[in-house]
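Structure assessment
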Amino acid sequence: MDEYAFVNRANWESRVDHHVASNDYGVQRFVDEPARLSDVVTFDRSRLGDISGKEVVHLQCHIGTDTLSLARLGARVTGLDFSPKALAAARSLAAACEQPVRYVESELYEAPAVLGTNRFDLVYTGVGALCWLPDIKRWASVVAALLRPGGRLFIRETHPMLWALDDPRPDSLLAVEYPYFEVAGGTRFSEAISYVEHEGEISHPETIGFNHGLGEIITALMRVGMELTAFEEHDSVPYRALGDQMEDIGGGEFRLRDRPERVAASYTLQAVKH
Ligand SMILES: C[S@@+](CC[C@H](N)C(=O)[O-])C[C@H]1O[C@@H](n2cnc3c(N)ncnc32)[C@H](O)[C@@H]1O
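So, a few notes on the structure that sits alongside this text. (Residues numbered from 1 in each chain as written. Predicted model: local features only at pLDDT ≥ 70, side-chain atom pairs only at ≥ 80, totals over all residues. Heavy atoms only, no water.)

1. Looking at the packing of helix 1 (residues 3-21) against helix 5 (residues 84-96)
Where we set the bar: Orientation is described by axes fitted as lines to C-alpha atoms, over the contacting stretch for helices, and by angles from 0 to 180 degrees between their N-to-C directions. The way it works is that DSSP assigns letters per residue, a run of H or I at least four long becomes a helix, a run of E at least two long becomes a strand, and they are numbered from the N terminus. Convention used here: angles under 35 degrees read as roughly parallel, angles over 145 as roughly antiparallel, angles from 65 to 115 as roughly perpendicular, and any remaining angle as oblique. Contacts are assigned to residue pairs with any non-hydrogen atoms lying within 4.5 Å of each other. Residues are sorted three ways: Asp, Glu, Lys and Arg are charged, Ala, Val, Leu, Ile, Met, Phe, Trp, Tyr, Cys and Pro are nonpolar, and all the rest, Gly among them, are polar.
Relative orientation of the contacting elements helix 1 and helix 5 amounts to 30°, with a least axis distance of 7 Å. What the angle tells us is that helix 1 and helix 5 run roughly parallel. Of the residues in helix 5, those touching helix 1 at Arg9, Glu13, Val16, Asp17 and Val20 are Pro84, Lys85, Ala86 and Ala89. Tallied by class, the residues present in the contact of helix 1 with helix 5 amount to 5 nonpolar, no polar and 4 charged.

2. Brief notes about the environment of Gln245
Note the following rule: Exposure classes here rest on a 1.4 Å probe applied to the protein chains alone. A residue is buried below 20% of its type maximum, exposed above 50%, and partly exposed in between.
Tracing the chain through its elements places Gln245 in the loop between strand 9 (236-237) and strand 10 (246-250). Residue classification places Gln245 among the buried residues on the basis of a relative accessible area of 14%. In this structure, Gln245 is in contact with Pro168, Arg169, Ser172, Leu174, Arg255, Leu256 and Arg257, ignoring residues within four places of it in sequence.

3. Examining the pairing of strand 10
Heads up, the rule is: Note: two strands are recorded as paired if DSSP finds a minimum of 2 bridges between them.
Inspection of the sheet shows strand 10 paired to strand 11 (residues 253-256) by 4 bridges, in the antiparallel sense. Across the sheet, Met246 pairs through a bridge with Leu256, a residue of strand 11. Between the end of strand 10 and the start of strand 11, which pair antiparallel, lie 2 residues, with Gly251 showing a positive phi angle near 65°.

4. Quick notes on the site of the ligand
Basically, it comes down to this: If even one non-hydrogen atom of a residue comes within 4 Å of a molecule or strand, that residue is called near it. In protein, a polar contact requires one atom able to donate a hydrogen and another able to accept it; more generally it is a pair of N or O atoms within 3.5 Å, and residues adjacent in sequence count only if both atoms are side-chain atoms. What sets the accessible areas is the Shrake-Rupley method with a 1.4 Å probe; for residues, cover comes only from the shown protein chains.
Around the ligand lies a shell of 17 residues, among which Tyr25, His62, Asp81, Glu107 and Leu108 are the nearest. One of the backbone nitrogen or oxygen atoms of Val127 is found 3.1 Å away from a nitrogen atom of the ligand. Contact with the protein chains removes 97% of the 600 Å² of surface that the ligand exposes when unbound. Class assignment for the residues of the shell around the ligand results in 8 nonpolar, 6 polar and 3 charged.

Next up, the structure:
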């Protein structure tokens, strides 16, 4: 396993218990409320349209709250992630909700070898997924390989401009600190606290992250025969990315408190395979 995957998998394994226990993920609410959808999928729903009966793969599915939500919209869903602990939590949630969902353990770039090619109607991914992948061209090849001809990619992801910004500063200025473009080797971070409220610290705080500019993402998709069908930038993102500089605007979304029109915080991109 490459170093980035080894380091990042240890980090993700160490976040799972904190995420499952957190109010932000609210896992028990999915069991108590059979029609509940995650805030992320609720945000996506009008753009997703009717996915009932569709064969869907959710890449980097984590503990499965979004995956379960896609299944609750009637799709036949496979969730893929490289973290065994995240998948165990996802399987246990699906079982408690009596919702059939298939979960598969795999590194992202191995997905076509593990799941097969030309077989999904929809590849769904996003919100903290692309930043763990060193090569956006290889990611686009994986997406295209998984989709059947006519199949669709749906991604809502943190905007690369937001990821390039420095952590909140005492003077509240927004400063560009990290790469916007893809950089070989990525950027090393160490953060003992995850993006949900939790007790204590995570045991493996080290990560290796990768940004990819919008042009790099779109070009990578076009080069593997995907046609862009929708692209929107949003001023909000579903986590408090810039600490107290962001305000809760409801629906699980956070936006810059002061002049939010300055920063694109997330985007939704859709593309179809020809
Ligand atoms: C931020 S989470 C995705 C979150 C999802 N949007 C949610 O909130 O439930 C990122 C996920 O990507 C997975 N991941 C990171 N790098 C990966 C890789 N190279 N291959 C497969 N999964 C990976 C992690 O295990 C983690 O579950």
